[in-house]
Amino acid sequence: MVDCRNGAFEIGTGIPSGTPDLTMSLSADDAHRSWSNKLNPVMAITRKKIRVKGSAVGLLKLAPKLKKVAVIYEKTLTDLGMADKIMK
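Quick summary incoming for the structure in this document. No experiment lies behind these values; they were computed from the predicted model shown.

**Concerning helix α4 (residues 66-79)**
Okay, step 1: For α4, with 14 residues, the first-to-last C-alpha span of 20 Å sits near the 20 Å given by 1.5 Å per residue.
Okay, step 2: Among the residues making up α4, those that are buried are L66, V69, A70 and L77. The arc that holds every buried residue of α4, seen down its axis, measures 100 degrees, which confines them to one face. Facing away from the buried side of α4, by more than 90 degrees, are the exposed residues K67, V71, K75 and D79.
Okay, step 3: Looking at the packing, one finds that the buried side of α4 touches β1 (2-3), β2 (10-11), α1 (28-35), α2 (41-46) and α3 (56-62).
Okay, step 4: Immediately beyond the C-terminal end of α4, within one or two residues, lies G81, with a positive phi of roughly 75 degrees.

About the thresholds
- Residues numbered from 1 in each chain as written.
- Predicted model: local features only at pLDDT ≥ 70, side-chain atom pairs only at ≥ 80, totals over all residues.
- Heavy atoms only, no water.
- Helix = DSSP H or I, 4+ residues; strand = E, 2+ residues; numbered from the N terminus.
- Expected span 1.5 Å × (residues − 1).
- Buried < 20%, exposed > 50% of the residue type's maximum accessible area, 1.4 Å probe, protein only.
- Arc of directions from axis to C-beta.
- Contact = heavy atoms within 4.5 Å.

This is the structure we're talking about:
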């Protein structure tokens, strides 16, 4: 989960506290591409690779923060011994 509400930038696993502004549904492969900053969210929405429940505009506001998410995701994969999964 990624929480950018009220100027925060919190990333974690599991269910966030409170009610999310939006929920994305996508395949595991597309999630990997998304968190690796290799999936264009606008194109993914239009091609129905990402289904959004809630505000699609909210997802577009989140898009610029995906570069920060990609750095954290890459570090997490490395820390877990899964550096071979990092997309170049």
